[in-house]
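# Summary of the model geometry
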Amino acid sequence: MEFREVNWPGLACSISAATIVLLSVLYEAPWWRVAIGDGVGEAEISPLNYKANLAGASIEVPIIWFLNIGSKLTMTSCAVVMFLYSVTTQKSFSRQLLGFAYKKPLLLLGLFAVMLVVSTMYVETFFGVYVPLMGTSTVLFSDGGATVNVPVSTSFTWVFWLAVVTAVLAIGAKIYDWKVRE
Amino acid sequence: MYRGDITELVTPNIEELRDKIKNFFPTVEYVGCKVISPELSLKVMFNVTNNSDGDFKFTSMNFSVYCSQHGGVLLGYGYGTGLPLTISGQSSRILSLHVIFTTEGRIHIGTEHRGDRDFHAILKDMVVVAQGVEVELGDEIDVGPIEIPP
């Protein structure tokens, strides 16, 4: 294998994908975080992990556990297959490996972004509560005679941006594939 | 099917959640109040019990005080003392409120309630900030009986 036959963006993509999986398994690293008040509630969400609690009670949705497992397997398969492709670009099966691997980070990132946007729109439409994708807002509730002002802050974590970089590298690997085949 | 009910797959256990959330909010019990002389102010005490496992923090508390017997008479304004107050999980602490009477309030008590042994005050427009959340209570809180010095 020659130096110029390695798909470097693909190799970098496989390393960052593996890093995302490791961060998820070892630290349950979220991509997006929402905090309600000062410890009233919080959620740490990514396609690979989910953790949410409200007023000290953990909110568990069984299907999310299965989705997280599926996402972990998807990202792991991307890391492994992209690595194999990157170092075997001249093999007859390499194109199939690339075809399998490069869409995975895009798919996860895209589904995650769509899910976030749809969820926040759903909450705003049906509950009248505006939750920003990034930033702080105050949610106003009225119950009986009481009025409650709840600060809600949300943020993307650096792991989300690593996932964006991984997706960009996956596209880069696809483009760079034309070059290594010349 | 998931545990015999497919909807359980996509929804959290609401009953369990409701029970746990209920414990998050502390229970408040009126303990008593006393007039502090000579400048005539009032100290109101509540016993606050945190039934949850985590800490609960009161940051600020403000309210107005009215005469219970003469509903429209504003006696003064009050605030929480010793705040921020953090109550550890599964424990209780006394929350003290300090009321400062206005000149009109002082005159009203001096003329209408001097020597009363069963004086009641109403706490209204209470704004409580706890755990970073601001709550404007719509309910009125009756405190008393308060012994007014002769």
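Rules used throughout
Residue numbers restart at each chain and count upward from 1, following the sequence in its written direction. To label them, take the chains in the order written and letter them from A, then take the ligands in the order written and number them from 1. Reporting in this predicted model follows two pLDDT cut-offs: at least 70 for local features of residues, and 80 or more for side-chain atom pairs to be given and counted; totals over whole chains, interfaces and linings ignore these cut-offs and use all residues. Secondary structure elements follow DSSP: runs of H or I no shorter than four residues count as helices, runs of E no shorter than two count as strands, and numbering proceeds from the N terminus. Radius of gyration means the value over C-alpha atoms here, while the globule rule gives 2.2 Å times the residue count to the 0.38 power. Partly exposed residues are those whose C-beta has more than 12 but fewer than 20 other C-beta atoms within 10 Å; 20 or more makes a residue buried and 12 or fewer makes it exposed, with C-beta atoms placed from the backbone. It is the C-beta atoms, placed from the backbone, that decide contacts: two residues are in contact if theirs lie within 7 Å. Under the grouping applied here, Gly and all other residues not named as nonpolar or charged are polar, the nonpolar ones being Ala, Val, Leu, Ile, Met, Phe, Trp, Tyr, Cys and Pro and the charged ones Asp, Glu, Lys and Arg. Here, any two strands with at least 2 DSSP bridges between them count as paired. A helix is expected to span 1.5 Å multiplied by its residue count minus one. Bend, in this description, refers to the angle at a residue between axes fitted to the seven residues ending there and the seven starting there. The axes used here are C-alpha line fits, helices contributing only the stretch in contact, and every angle between their N-to-C directions lies in the interval 0 to 180 degrees. Angle categories are assigned with fixed cut-offs, so that under 35 degrees is roughly parallel, over 145 is roughly antiparallel, 65 to 115 is roughly perpendicular, and the rest are oblique. Should the near helix be turned counterclockwise from the far one by less than a right angle, the crossing is left-handed, whereas a clockwise turn marks it as right-handed.

### Some words on the overall build of chain B
Helices and strands together make up the secondary structure of chain B, namely two helices and nine strands. Its helices and strands in sequence order give chain B the pattern α-β-β-β-β-β-β-α-β-β-β, from N to C terminus. A compact globule built from 150 residues should have a C-alpha radius of gyration of about 15 Å, whereas chain B, at 20 Å, is more than 25% larger. Taken along the three principal axes of its C-alpha coordinates, chain B extends 75 × 30 × 25 Å. The buried share among the 150 residues of chain B stands at 23%. Contacts spanning at least 24 positions in sequence make up 62% of the contacts within chain B whose residues lie at least 6 apart.

### Some details on the overall build of chain A
Along its length, chain A carries five helices and six strands. The helix and strand sequence of chain A, counted from the amino end, reads α-β-β-β-β-α-α-α-β-β-α. In terms of C-alpha radius of gyration, chain A reaches 20 Å, well past the compact-globule figure of 16 Å for 182 residues. In terms of overall dimensions, chain A has a C-alpha envelope of 75 × 25 × 25 Å along the principal axes. Taken over 182 residues, chain A has a buried fraction of 29%. Long-range contacts, defined as pairs at least 24 residues apart, comprise 62% of the intrachain contacts of chain A with a sequence gap of at least 6.

### Remarks on the interface of chain B and chain A
A common way to state how big an interface is: give the accessible area lost once the parts meet. Counting residues at the interface gives 23 residues for chain B, matched by 21 residues for chain A. Listing elements by their share of the side of chain B that touches chain A, those giving two or more residues are helix 1 (14–24) and strand 8 (133–136) of chain B. Split into classes, the residues belonging to the side of chain B that touches chain A amount to 10 nonpolar, six polar and seven charged. By the bridge criterion, three bridges tie strand 6 (residues 146–156) of chain A to strand 8 of chain B in an arrangement that is antiparallel. Considered in strand 8 of chain B, the bridge of A:Asn149 is made with B:Glu134.

### Focus on helix 4 (residues 103–127) of chain A
Residues and elements named next belong to chain A. An ideal rise of 1.5 Å per residue puts 36 Å on 25 residues; helix 4 measures up with 35 Å between its terminal C-alpha atoms. Buried positions along helix 4 lie against helix 1 (8–27), helix 2 (62–87), helix 3 (94–101) and helix 5 (158–181). In the stretch just after helix 4, Gly128 is the one whose phi turns positive, near 65°.

### A closer look at helix 5 of chain A
All names here are of chain A. For helix 5, spanning 24 residues, the distance from its first C-alpha to its last is 34 Å, which sits close to the expected 34 Å at 1.5 Å a residue. Of all the bends in helix 5, the largest measures some 30° and sits at Ile175. Of the positions making up helix 5, those classed as buried are Val159, Phe160, Ala163, Thr166, Ala167, Leu169, Ala170, Ala173 and Asp177. Of the surrounding secondary structure, the elements contacted by the buried residues of helix 5 are helix 1, strand 1 (32–36), helix 2, helix 3, helix 4 and strand 6.

### Quick word on the packing of helix 2 of chain A against helix 3 of chain A
Residue and element names in this part refer to chain A. Look at helix 2 against helix 3: their axes get within 9 Å of each other, and the N-to-C directions meet at 150°. As summarised for this structure, helix 2 and helix 3 are arranged roughly antiparallel, according to the angle between their axes. Crossing handedness for the pair helix 2 and helix 3: left-handed. Contacts from Cys78, Val81, Met82, Leu84 and Tyr85 in helix 2 reach Ser94, Leu97, Leu98, Phe100 and Ala101 in helix 3. Looking at side-chain class alone, the contact of helix 2 with helix 3 contains nine nonpolar, one polar and no charged residues.

### Comments concerning unusual backbone geometry
The omega torsion across B:Leu83 and B:Pro84 is 0°, close enough to zero to call that bond cis. Assignment of secondary structure puts B:Pro84 in the loop between strand 4 (74–81) and strand 5 (85–87). Positive phi, close to 50°, is recorded for A:Ala55, a residue that is not glycine. With respect to the element layout, A:Ala55 can be found in the loop between strand 3 (50–54) and strand 4 (57–58). Although it is not a glycine, B:Gln131 adopts a positive phi angle of roughly 55°.

### Details of the packing of helix 1 of chain A against helix 5 of chain A
All names here are of chain A. Two elements in contact, helix 1 and helix 5, have axes separated by 8 Å at closest approach and are oriented at 155°. Between helix 1 and helix 5, the crossing angle belongs to the class labelled roughly antiparallel. Crossing geometry of helix 1 relative to helix 5 is assigned as left-handed. Along its contact with helix 1, which presents Trp8, Pro9, Gly10, Ala12, Cys13, Ser16, Ala17, Thr19, Ile20 and Leu23, the element helix 5 presents Val159, Leu162, Ala163, Val165, Thr166, Leu169, Ala170, Gly172, Ala173 and Tyr176.

### A short note on the environment of A:Val159
Residues and elements named next belong to chain A. Tracing the backbone shows Val159 in helix 5. A residue is classified by how many C-beta atoms lie within 10 Å of it, and Val159, with 20 of them, is buried. Residues contacting Val159, with those up to four places away along its chain left out, are Ile20, Leu23, Ala29, Pro30, Trp31 and Ser46.

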